Amino acid sequence: MSKADNMLSILWLLRSGKRVTAQQLADDLEIHVRTVYRCIDSLCASGAPIIADAGPNCGYRLLGEFVDSPLLFDAEEQKALVHGSVFAREAGYPFTDALSWAVDKLKRYTNEEQLERINRHSSGLAVIQTPTDARELELLKRLEEAAARGESLNIDYAKGPELTPSQRVLDPYGIVHWKGIWYVAGFCRLRQEIRSFRVDRIVRLAAADTRFERPAAFSARDFLLHSLLPDSLEAETLVIVRLQGHEHALNELCKHWLFGHALIERRQPGEALFKLGELSLQTYVPYFLLPYGKSLKILEPQMLIDRMAEVSLEMFKHYEAMQIKSEDQKG
């Protein structure tokens, strides 16, 4: 390890509040005792309040105020970091190796009581996600690093396995994880506009000879959210949607990414108000409501009730035709 790593490791070991001898520190870190002395001298010179006690219980210790320094983590912060690492890893976070090393370092430099607490909390949380393959992880790493450095990329992008990939130069502004899929948002020099691309559809990625400056106010998250259904949340004509139904059905609906952002008010008993774009009520929204069946009732607007009836009739005719065809084949 570097000297900086050794110094930080010594601070972690002293954080327990117990007196630790130089030889114990050297044994724990697998370094020479002279290295421990040099690191402690450097820490003291930088302002770390390390006390050297002489006598039968000799050793080094930290002043109590420094033990609670915000540069170190208390029990709740340690738990949150470990839990956060579980979510990130399962979502396909591209720097999982560094994340694992950081968590291992966190566990290594805690005392026994803290380590036991961390292990109890980490074993009590699990996340189920679609796994991200190694190829996509490498793409995500390159995209994130290019976004941070302001480096343009040449990409070959295919919207489907049977389609010929299109070539373009992309200025990646950021990556976004949404509903189990990773996206990159940035300026497409082929289309001359900001666009989003699914990372799993990128066939090839290579460095370009150009650089870029990301707009200061740009948010890849907000761009992707608003580009999915551009009329739903920021349309000129927004319509109040009033729904009534079982409480558990409304709870689930409010967890939906669109309805959750469009929620205005929850009324009791079993009623909720949303505000959505008029065009989306004619196109996307009916299909989002279909899975809830008769557990929800539309109180207003009438146009949504009419559209739901039309969509339901179309679905009925679709499956009725399939049923007739199946019966004819059996006959």
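Model, not experiment: these values are computed from the prediction.

Taken in spatial order, the four strands make up an open sheet running 9-10-8-11, and their pairing is antiparallel. Both edges of this open sheet fall to strand 9 (263-267) and strand 11 (296-300), since each of them pairs with a single strand only. Here the average twist between neighbouring strands, direction ignored, is 25°. Contacts from helix 10 (residues 247-255) reach strand 8 (238-245), strand 9, strand 10 (271-277) and strand 11 within the one sheet, and its direction differs from that of strand 9 by about 165°.

Looking only at helix 2 (residues 22-29), the buried set comprises Ala22, Leu25, Ala26 and Leu29. Buried residues along helix 2 cover an arc of 100° about the axis, so they all sit on one side. Of the surrounding elements, those touching the buried residues of helix 2 are helix 1 (3-14), helix 3 (33-45), strand 2 (59-62) and helix 6 (96-108). Two residues or fewer after helix 2 comes glutamate 30, characterised by a positive phi angle close to 60°.

A few words now on the packing of helix 5 (residues 75-90) against helix 6. It is the contact of helix 5 with helix 6, at a shortest axis distance of 11 Å, that shows an interaxial angle of 160°. The pairing of helix 5 with helix 6 is recorded here as roughly antiparallel in orientation. Note that helix 5 runs across helix 6; the crossing there is left-handed. Each of Gln78, Leu81, Val82, Ser85, Ala88 and Arg89 in helix 5 lies in contact with helix 6, whose residues at this interface are Thr96, Leu99, Val103 and Leu106. When grouped by side-chain class, the residues that make up the contact of helix 5 with helix 6 number six nonpolar, three polar and one charged.

In this structure, Leu243, Leu253, Phe274, Leu276, Val285, Leu289 and Leu304 are the most contacted members of the largest nonpolar core, which totals 24 residues. Listing elements by their share of this core, those giving two or more residues are strand 8, helix 10, helix 11 (257-262), strand 10, helix 13 (285-289), strand 11 and helix 14 (302-330). With 18 residues, the next largest nonpolar core counts Leu13, Leu25, Val36 and Ala48 among its residues.

This paragraph deals with the packing of aromatic side chains. Using the criterion set out here, one finds seven aromatic pairs in the structure. Between tryptophan 178 and tryptophan 257, the ring centres sit 5.4 Å apart and the planes meet at 90°, which makes this aromatic pair edge-to-face. Taken together, the residues tryptophan 178 in strand 4 (residues 166-178) and tryptophan 257 in helix 11 connect sequence positions 79 residues apart. Looking at tryptophan 178, the relative accessible area reads 22%, which means it is partly exposed. Residue tryptophan 257 is classed as buried on the basis of its relative accessible area of 14%. Taking the centre distance of 5.3 Å and the plane angle of 80° together, the rings of phenylalanine 259 and phenylalanine 274 count as edge-to-face.

Calculation criteria
Residues numbered from 1 in each chain as written. Predicted model: local features only at pLDDT ≥ 70, side-chain atom pairs only at ≥ 80, totals over all residues. Heavy atoms only, no water. Pairing = 2+ DSSP bridges. Helix = DSSP H or I, 4+ residues; strand = E, 2+ residues; numbered from the N terminus. Axes fitted to C-alpha atoms, helices over the stretch in contact; angles between N-to-C directions. Contact = heavy atoms within 4.5 Å. Buried < 20%, exposed > 50% of the residue type's maximum accessible area, 1.4 Å probe, protein only. Arc of directions from axis to C-beta. Parallel < 35°, antiparallel > 145°, perpendicular 65-115°, else oblique. Left-handed = near helix turned anticlockwise from the far one by under 90°. Nonpolar A, V, L, I, M, F, W, Y, C, P; charged D, E, K, R; others polar. Core = buried A, V, L, I, M, F, W, Y, C linked by side-chain atoms within 4.5 Å. Phe/Tyr/Trp six-rings, centres within 6.5 Å; stacked < 30°, edge-to-face > 60°.

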